[in-house]
Amino acid sequence: MEITRTVSRRGVPIETVEWNGKVYRRYPESNRRSNRDYFVRGEGRKLLLLHREIWKEAHGPIPEGMHVHHVDGDPGNNALENLECMDRRAHLKMHGDAKEFPVSTRACPCGKMFETRSPRRKWCSRTCPVRKANPVRSATREYQREVAARFRERHRDRINENQREWRRKRREQEKS
Ligand SMILES: [Zn+2]
Ligand SMILES: [Zn+2]
């Protein structure tokens, strides 16, 4: 299956593949991962995903709740041998996003909307211009060090006390 690269009338890059006489497309520049990765085709109100269609043609219907996974990790490689039907949970776990947070749509400070499962994500993307202009201070190493130092300062007595306690216990253990 050869991937053809084109550009829409509005200048949006599109990749297409043809399978069983039908054209499936994906949008490599999309902010949404599923739109970037998966070749799809609209049929009536349904959105057909190429990898699932290929798997179905060979093996029959996909059982409810099952995912079709790209074995080599490349969602552009839709050869049948590269497709594996697997349990949704196992699949999400494999991709490291097993957390069961629902997908929510949020507005980035730049105004762009984005979808995420992360309860804390604030920015639309790593390359967001507003994010770049406002580096998140709490994420810097210096800041983490400052926080740790402040904590130690504030709780010095308790920390010293804990250390004394810990040394005392160790001495006792050594004696016995
Ligand atoms: Zn997968
Ligand atoms: Zn943004």
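Residues numbered from 1 in each chain as written. Chains lettered and ligands numbered in written order. Predicted model: local features only at pLDDT ≥ 70, side-chain atom pairs only at ≥ 80, totals over all residues.

A.B. asks: Account for helix 5 (residues 141-154), naming residues and giving values.
C.D. replies: Across its 14 residues, helix 5 extends 20 Å between first and last C-alpha, which sits within 8% of the 20 Å expected from 1.5 Å per residue. Burial analysis of helix 5 places just zero of its 14 residues in the buried class, a small minority of the element. (Helix = DSSP H or I, 4+ residues; strand = E, 2+ residues; numbered from the N terminus. Expected span 1.5 Å × (residues − 1). Buried ≥ 20, exposed ≤ 12 C-beta atoms within 10 Å, placed from the backbone.)

A.B. asks: Pulling in residues and values, what's your account of the domain arrangement of the chain?
C.D. replies: A common way to express how large an interface is: the accessible area buried when the components associate. What the domain assignment reports for the chain is domain 1 (4-98), domain 2 (101-134) and domain 3 (137-175). Relative to domain 3, the C-alpha centre of domain 2 lies at a distance of 35 Å. (Domains from an automatic or database assignment.)

A.B. asks: Account for the nonpolar core, with residues named and values stated.
C.D. replies: Listed in full, the eight residues of the largest apolar core are Y24, Y38, F39, L49, L50, I54, W55 and V68. A total of three residues in this core trace back to one element, the largest contributor, which is helix 2 (residues 50-59). Each residue touching F39, except ones within four places of it in the same chain, is listed here: V17, Y24, R25, R26, L50 and N78. (Core = buried A, V, L, I, M, F, W, Y, C linked by C-beta atoms within 7 Å. Contact = placed C-beta atoms within 7 Å.)

A.B. asks: Run through unusual backbone geometry, naming residues and quoting values.
C.D. replies: In this model, N20 sits at a positive phi of 50°, which is unusual for a non-glycine residue. Relative to the helices and strands, N20 is located in the loop between strand 2 (13-19) and strand 3 (22-26). Assessed through the 9 C-beta atoms surrounding it within 10 Å, N20 is described here as exposed.

A.B. asks: Describe in detail the pairing of strand 2, supporting the description with residues and values.
C.D. replies: Looking at chain direction, strand 1 (residues 4-7) and strand 2 are connected through four bridges and run antiparallel. Looking at strand 2, one finds that T4 is bridged to T16. Hairpin connection of strand 1 to strand 2: five residues between the antiparallel strands, including G11 at a positive phi of 95°. Pairing geometry for strand 2 and strand 3, over five bridges, is antiparallel. Of the residues in strand 3, the one forming a bridge with E15 is R26. What sits between the antiparallel neighbours strand 2 and strand 3 is a turn of two residues, in which N20 has the positive phi angle 50°. (Pairing = 2+ DSSP bridges.)

A.B. asks: Give me the environment of R9: which residues, what numbers.
C.D. replies: Looking at where R9 falls in the secondary structure, it is placed in the loop between strand 1 and strand 2. With 142 residues separating them in the primary sequence, R9 and F151 have C-alpha atoms 57 Å apart.

A.B. asks: Tell me about the environment of G21, residues and numbers included.
C.D. replies: Looking at the secondary structure, you find G21 in the loop between strand 2 and strand 3. A count of 5 C-beta atoms within 10 Å places G21 in the exposed class. In this structure the C-alpha to C-alpha distance between G21 and L50, which are 29 residues apart in sequence, comes to 12 Å.

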